[in-house]
Every structure is written in C-alpha cells, then in structure tokens.
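# Observations on the model geometry
These are the residues of each chain, in order.
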Amino acid sequence: MRAARLLLTALLALCLAISAAVALDRAIIGETDRALQQLRIDLDAASLQLRRPNLSDQDLANLKIALEKIRTGAADRSLKLLVPLGEVTQQLNSLGPAPAAGQKEDEGVAQSRADLTATRDKLQSIKAQLDVVTVESEQVSKSVSVMQRDQFFSRIFDRSRSILNPNLWYDLLAGIGVLFTGLALLLRNWWSDVSQTAQPLGLLLIPLIIVGCGLGFRLVNRFFARWLTGYSNSGRPIDNMTRLWIILRALIVTFAALAILFLPIRFALEASGYFTDATPRMVMIWDALRDMVFTTIFYYVLGRRVAAPGRPEIRIVDLDDRAASQFAILVGLTAFVASFNYQLGQVSSGMFLSLNYTQGQSALGALTLLVLSSVILLVLRRQQGLPDAEGRQLYFGWATHLVPFVWVLIFIGFGALALGYLALGDYLAHQIVRTAMVVTLVFLVYHLLDAMVQASFDPQSNFGIFLRRITGLGERAIERIGLIFRTIVDLILVVAGIPLLLLLWTLNWVDMRGLVNTLALGITIGDVTILPGTLAIMLAILVAGVVATKLFNSWLDRRILADTRIKKGVQDSILTGASYIGYFLAGVFALTAAGVDFSSLAIIAGALGLGIGLGLQSIINNFVSGVILLAERPIRVGDWVSLPEGEGIVRRINVRSTEIETFDSCSIILPNSALVTEAVKNWTHNDDMGRFSIDLVVDYDTDADVMKRLLLEVTKAHPKVLSHPAPTVLLTSFGKNGLEFVVRAFVADVLMGSQVASDIRFTLLSRLRDAGINIAQPVAVLTAAPKS
C-alpha cells in the first residue's frame, strides 16, 4: 500500500512538472506568434513601399535598415525557439514510444503526450514561418541592394558638363553669389529672432569654461607627465615607441583642445538663448563649421607630427627637412579642402541651391583634391630622404608600392572630370584622401602597439621600466604576454582593417551591418549552426579549464607533494596525470557548452577508429605508451637510463615522447612506444644506489695483503662510500704485467659514482707512491722481422 502511494505521488509530480512546462511553452508560443504576425505586417509594408516609383537614396537606405531589423528579429526569435522545442521533444522522449495500434495507454500519460505533441507541432510551425520571414526579408533586401546599385551607377556615370566647359564655372560663380546671399539672409533672420530674448551676459561663460577646462586638462597632463617621468630612463636615446607616442599624444591633446573649445561655446550659446530655438539650417551651419575646423586642425597636426619638420630625431618617415615642411602644409591644406567641399555641399543641399552650382562646386573640389594629391606624391618622390637614418626604424615604407596605383586613380579622376563624369571624379578624389587619412591613423596605432611590445622586451627602455615596476612580472612572463599581445594586435588589424577598407571603397549596396548581424546570428553549415557567442563561451571555458588545471597542479606540487617523501619521479607522474585529467575535463566541458551531444558514442567511436586507421596509429600508440609509462613507471623523471641511442637522465615524459638529457647536455627525443616495447637499462629503477669499480695493476713483488688493506682503507675513508654494502677488493687475475686488483664499492647516488671513483684514484696514486708500490707498466714485446 505504501509503495502504491509513493508511485501515485511520483506520477502526480511528473504530471505537474509536464503541465508547468507546457504552460511555459504555451506562453512562449503566444508571445512569439504575436511577434511573428507583426514581423509579417512589417515585411508586407516594406515590400509594398519597394514598389513605389522614384525612391531616393535615403528612402532605400531606410528601407534597407527596416528589412534588416525584420530579418534579425525573425532569425533571433527562430533561434530562441530551439530551447523550448528541445525541452518539449525531451519530455516526449521521456514518455517513451507511443503504444501500438490496439493497445491502451494510461489516460494521464496519453493526455500529456497529446498536449506535448500539439505544443511541439505548434513550435515547429512558428519556427518554420519565422524562417520563411527571414528568407523573404533577405530576398527583398537583395532587391533593395540592386536598386541602390543601379542608382549609384546611374549617378556616378551620369555625364554632365566637362571642367573644360566655361559655362560650368560661370554657373559656379553665379551660385556662390546666391549662396552668400542666402547665408546672409539666414543669419539676419536668426539674429532678429534671438536678439530680443537672448542674454549676452551668458556669453561670458565661454572664456570661463574654456579657461577652467584648459587648466584642468593642463593639470592632468602635467600629473601624468610627472608620473611617467619616474619610470623614464633619461640616459637612453629616443626609441621607436617614444616617437610614435609623441604623435598619438599630440592627436589626443588636439582632440581634447578642440572639444574644450567647441563644447563650451555651444553650451554658452544655448544657455544664453542664442541657440534655444535655432532653426535646422542654423544647426546645420554650426555643425558644418565645427566639423570643418576639427577635421582640418586634427589632420594638420597628424601630418606635422608624422613629418616632424625641424625635428629629424622624432621623424618616423623617410623625408628630408624640406620635404617634411612641405608635406605637413600640404596635408593640412588637403584636409581643409576635403572637409570644406563636403560641408559646403551639405549646406548647399540644405539651402536647395541649383544643380548647376552643386556640379561646379563638386568639380572644383575634386579638381583641387586631385591636384593636391599629385603635389604630395611629387614632393615625396623628389626628396633626399632622412639623413642619418641607419639604425632607425622608419614606417610607412610599404606605401611606396601603392604609389603607381594612386597615380592611376588620380589620372582616372582627371579624365573623368575632363569628360564630364563629375560624380566619378569627385568620388575618386574624396576616396583617395579619406583612405590615406584612415589608413594612416590605423597603422599609426598598430605600429605604436607593436613598438610597445618591442619596448617591453627591453628592461632598460622607458616602457620596459614602467611595465616591470607596475606589474612585477618576470622577463619570461613579459615575453610571453608580449607575444600574445602582438598576435592579438595583428589579428585585430586584419579583422578590423579589411571591413574598414570595404566601408571606404565599397559601393552603397554593401551593407556591413547586415554582414555583422549575419555573423552574430550564426553561420549554418548543413544542420549545424555556429554561433560566435557559443564559440566565445567554449573558448572561455577551455582557457579557464587549462588555467584551473595549472593552478591546481601548482598547489598540489607546492602544498602537498613537496611535503611528502614521494620520489621526484612519482611526483612528476602524479602531476602529469592530473594535467591530462584536467585538460580532458576542460575539453569535455567546452564541447558540452558548445552543444556537442556525447550520447552518439557510436559516431565518436567510428570517427576515432577511422582516424586511427587512416594514420593516427603511431600517435595513439605513443599516447597509450605514455599512459603506461605513467601508470607502471618502468622509468621516471630523474632516472638514469641507457639505450642504444645513448644514456642520460630522463627529464620529461610528454604525451607523445620522452625527453632524455645525455651527460653531454644533448637531448634525445624518443617516442614513448620505444620505451615500452624495447629493452631499457634503468640504473635507478628501484633506488638511486649504485656501484662503481676501480681496476688497478701493480708489480708482482707487491705484498697482496698489504695492497688489499691499502685499497680498503682508502675506499672506506671517502665520505660518500656506503658502509653497507661494504666495499670489497678482489684479486681478479695474475696478468702479464702484474697483479690485477678490482675495488668495488657503493654510493647512495649512482650519479656520483664517477666522481667518487676519481677521488679515490687520486688518493690511491699518492698513497701508492708513499708506500713505494709501483703501478705495473705494460711490457713492450719486440718481434724480430723475418729475413728476406
């Protein structure tokens, strides 16, 4: 009766658990179904909007963003359904297979099976519809991309008036007058609106805020400069990192100074009422002025610091003083023209100026940029280079290989302007300048980080001193961290640099945001979906497992094994075995987090058997042999072994091979299988005690008993000779030259046998001379030559 109650209680709990799970899944079903309907409505609206004629570039861009949101939302919700769908499927599997036809099932179990089946079918249906929405949104997005591409090509290759046409410049001059008239009218209307309500005293905040922020920035800058001076080595010449840091520091100071200049002005204008009710056109003019000044000064400082006119000791490019001065001025002028032309184009569009004026303006800007780019290339070519550049690392030398390609683009731009393709010439001119500026900034940061790694290796450099005092790390640790950091920097340069160039040079239809979202939602290969988040978690668990294993081994070695009397070889075997177990568990946990199903043991075993059959026999054989060496311990770390390849001390037993260091400091790397299958002479298998022998031949007139006592006395007198087993002296033979004695004794450490034997020989040589005992000399045998 008690057993029946327990069974009934268990069934009731199971039914409650299944009901709760089904209720949860039904809530998810309702929420996801509503989201699906809204996504479908948005997708239909986007498809309908795409059919409208005369869509502008901005309309297509907004439509592309909306479609990307629809696609991302559908794909994300489809992925989220995998968890409840897996739970419902697992619950169905736990109920067992459905009864055959004609067999009855418990009503509660049958009802649970029906509910779970309906829930699973509903989830699968919603997931399938979400996948359809994802695919349809991708298709509509591709249609938008085609329209963007067609519009781009039609605009970029739209032929208008050539720069050789005087009417183009006449319309430009006429438009300039209209532009200034419109700006004057705009400013007059703005002043008439704000002059009645604005508070001029509020403008006094501008100098106060600028002075306050400037003093604060100066104090912070001086504090960091004084702090870093404490880690500097003033006796060393300027290194590469210092040169690059001077450039980056100047850019940071310039950015901060411009922010300190513009932010207080904007704040004071709004606080005093001059910008409270500003029209969008006034805000546009302010933004254009701010961006133009910011871009011009920022890139002028960049060009001046890179070229360093008048300061060749900090110059990082191969330029002489004259070319450096010209280069800095040309870079600043190019940045001003590019920014001014772009911002003036924005203002002209905002003021609805005529098409003839905008064409002339873009032609003039493009022509000026192409001329400036050509002059910069000529300056770089017609110069002598940095004097005394030997022994210094100069940067951006690789850019000389791109000069012919840039010349081709410049000539294409000139040709496009001459033939009337003004949009193409303007596009090429601006892209050349933007690419040069962005690539310079990216590689400047990259070279600085690389120089930091190089400086960290030098303990006498400024950064090396700073790093060692702050972290307290040793040379080996700093070297490893530096190499890892350098690898990460190189990967970031590739991963971030290529998309950045694509954003600069690809056409409008390439949507980088869609590519990023696609990668974030996972890449599907067959039935497997690879998620970046899952990969990151897997790598994090793997790294954490390896670190935890190393920490555990360190604790085990220092706190446990160090206080035991276990031999060093046994300790190394324990530590190696613990490492294998830790790494195996870390791999299992990482793969489990990645979603690998270990229930399919047949597949894993089949893959393993196939791998062994295709060429992993030796690797598996050596691995198993390594496990056998660690378990049976026929040899251990620290043993003295003799092999056909040589003899020496076992230094390390790895997964695949064993390292033996010979007495000549030569390393022998042996596969573990060779140590298991072949004969190995181990001098220290049972213990470290070893025997040594000394052979001695004396004249026949020597008293054998006296000789025996002398040999035993000298041997026993050595402090490292063991008394048990006791040394022995044997008269082994009556040789041709004299009496042949052998001394045999034992030492606690077999590695000391040769040294002890040598010490005894030196002592015997002295004692034999004092006793008048002669060591037998070989007798020369003269053989008469036969007569011819």
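Because the structure is a prediction, the values reported are computed rather than measured. (Residues numbered from 1 in each chain as written. Predicted model: local features only at pLDDT ≥ 70, side-chain atom pairs only at ≥ 80, totals over all residues. Heavy atoms only, no water.)

## Let's talk about a nonpolar patch on the surface
Rules: Patch criteria: residues need more than 30% relative accessible area and no salt bridge. Like-charged residues are merged within 9 Å; nonpolar side chains of Val, Leu, Ile, Met, Phe, Trp and Tyr are merged within 5 Å. Calculation of accessible area relied on Shrake-Rupley with a 1.4 Å probe; when residues are assessed, cover is drawn exclusively from the protein chains displayed. Just to be clear on terms, a salt bridge is a Lys or Arg side-chain nitrogen sitting within 4 Å of an Asp or Glu carboxyl oxygen. Secondary structure elements follow DSSP: runs of H or I of four or more residues count as helices, runs of E of two or more count as strands, with numbering from the N terminus. Throughout this description, buried means an accessible area under 20% of the type-specific maximum (1.4 Å probe, protein chains only), exposed means over 50%, and partly exposed covers the range between.
Nonpolar side chains collect at one region of the surface, where Leu491, Val494, Val495, Ile498 and Leu502 lie side by side and expose about 460 Å² of accessible area between them. Here valine 495 lies in helix H14 (residues 475-505). On the accessibility criterion, valine 495 (60% relative accessible area) is exposed.

## Looking at the nonpolar core
So the rule is basically this: Residues belong to one nonpolar core when they are buried, are Ala, Val, Leu, Ile, Met, Phe, Trp, Tyr or Cys, and are joined through side-chain atoms within 4.5 Å. Any two residues having at least one pair of non-hydrogen atoms within 4.5 Å are treated as being in contact.
Residues Leu244, Leu302, Ile316, Leu319 and Leu444 are the most contacted members of the largest nonpolar core, which totals 52 residues. The set of elements that each furnish at least two residues to this core consists of helix H4 (107-156), helix H7 (240-271), helix H8 (280-307), helix H9 (321-350), helix H10 (355-381), helix H11 (403-419) and helix H12 (422-457). Residues contacting leucine 319, with those up to four places away along its chain left out, are Ala307, Ala324, Phe327, Leu380, Gln383, Gly385 and Leu386. Residues Ile29, Leu67, Leu85 and Ile126 belong to the second largest nonpolar core, which totals 24 residues.

## Quick look at the packing of aromatic side chains
What counts here: Two rings from Phe, Tyr or Trp (for Trp, the six-membered ring) form a pair when their centres are within 6.5 Å of each other. A pair whose planes differ by under 30 degrees is stacked, one over 60 is edge-to-face, and the rest are tilted.
Inspection of every chain in the model, using the stated rule, returns 10 aromatic pairs. Consider the rings of phenylalanine 298 and tyrosine 299, whose centres lie 5.4 Å apart with planes at 85°: the pair is edge-to-face. The exposure class of phenylalanine 298 is buried, given its relative accessible area of 14%. Between phenylalanine 336 and phenylalanine 340, the aromatic rings sit 5.6 Å apart at their centres with planes inclined by 20°, giving stacked as the arrangement. Here phenylalanine 336 pairs with phenylalanine 340, and both are found in helix H9, just 4 residues apart, close to one helical turn. A residue is classified by how much of its surface remains accessible, and phenylalanine 336, at 35% relative accessible area, is partly exposed. Of the residues examined, phenylalanine 340 reaches a relative accessible area of 37% and is grouped as partly exposed.

## Considering the environment of aspartate 76
Topologically, aspartate 76 is positioned in helix H2 (residues 57-80). Sequence separation of aspartate 76 and leucine 130 is 54 residues, and the distance between their C-alpha atoms is 9.2 Å.

## Looking at the confidence of the model for the protein
As a reminder, the rule being used: Confidence per residue, as judged by the predictor, is encoded in pLDDT with a range of 0 to 100.
For the protein, per-residue confidence averages 78 on the pLDDT scale, and residues scoring 70 or more make up 81% of the total. Taken as a whole, residues 781-785 scores under 50 in pLDDT and shows 0 contacts with residues more than four places along the chain or in a different chain.

## Notes on the sheet that holds strand S4 (residues 646-653)
Note the threshold: Following DSSP output, two strands are said to pair if at least two bridges run between them.
The 5 strands are arranged S6-S5-S4-S3-S7 in an open sheet whose pairing can be described as antiparallel. In this open sheet, the two edge strands, each paired with only one partner strand, are strand S6 (667-671) and strand S7 (681-682). Sheet topology note: the strand S5 (residues 657-662)/S6 ladder contains 5 bridges and is antiparallel. Its bridge partner being in S6, isoleucine 660 is matched across the sheet by isoleucine 668.

## Side note on helix H21 (residues 753-771)
Spelled out, the test is: Helices are assigned an expected span. That span is 1.5 Å times one less than the residue count. For this quantity, the arc is that covered by the directions from the helix axis to the C-beta atoms.
Relative to the 27 Å expected for 19 residues at 1.5 Å per residue, H21 spans 26 Å between its end C-alpha atoms, a close match to the ideal helical length. Among the residues of H21, Gly753, Val756, Ala757, Ile760, Leu764 and Leu768 are the ones counted as buried. Considered in projection along H21, the buried side chains sweep an arc of 100° and stay on one side of the axis. Counted as exposed and oriented over 90 degrees from the buried face of H21: Phe762, Arg769 and Asp770. On its buried face, H21 is in contact with strand S8 (690-698), helix H20 (704-717) and strand S10 (739-747). Positioned one or two residues after H21, glycine 772 has a phi angle of 75°, which is positive.

## Things to note about the pattern of salt bridges
Taken as a whole and assessed by the stated rule, the structure comprises 14 salt bridges. Salt-bridge contacts for lysine 80 lead to aspartate 76; the nearest nitrogen and oxygen are separated by 3.4 Å. Taken together, the residues lysine 80 and aspartate 76, both in helix H2 and 4 residues apart, mark about one turn of the helix. Look at aspartate 76 and you get partly exposed, because its relative accessible area is 30%. The residue glutamate 313 makes a salt bridge to arginine 311 at a minimum N-O spacing of 3.4 Å. A cluster of three or more residues bridged by salt bridges with shared partners is formed by Arg40, Asp44 and Glu136.

## Brief notes about the side chain of serine 348
The topology assignment puts serine 348 in helix H9. On the accessibility criterion, serine 348 (1% relative accessible area) is buried. When near neighbours in sequence (up to four residues on either side) are disregarded, serine 348 contacts Leu179, Leu353, Tyr357, Thr358 and Gln361.

## What about empty space enclosed by the protein?
Empty space among the atoms can be located by rolling a probe the size of a water molecule over them. The cut-off we apply is this: Method remark: on a 1 Å grid restricted to protein atoms, a set of points is classed as a cavity if a 1.4 Å probe fits but cannot get out and as a pocket if it is open with protein on both sides within 12 Å along at least five of seven lines; lining residues have an atom within 4 Å of a point. Grid points are joined across faces, edges and corners, and a volume is the space filled by probe spheres set on the points. Residue polarity follows a fixed list, in which Ala, Val, Leu, Ile, Met, Phe, Trp, Tyr, Cys and Pro are nonpolar, Asp, Glu, Lys and Arg are charged, and the others, Gly among them, are polar.
With the rule as written, the count across this model stands at 1 cavity of 30 Å³ or more. Taken as a whole, the largest cavity holds about 40 Å³ of empty space. Lining the largest cavity are Leu643, Pro644, Glu645, Leu670, Ala674, Leu675, Glu678, Ala679 and Val680. In terms of residue class, the lining of the largest cavity is built from 7 nonpolar, no polar and 2 charged.

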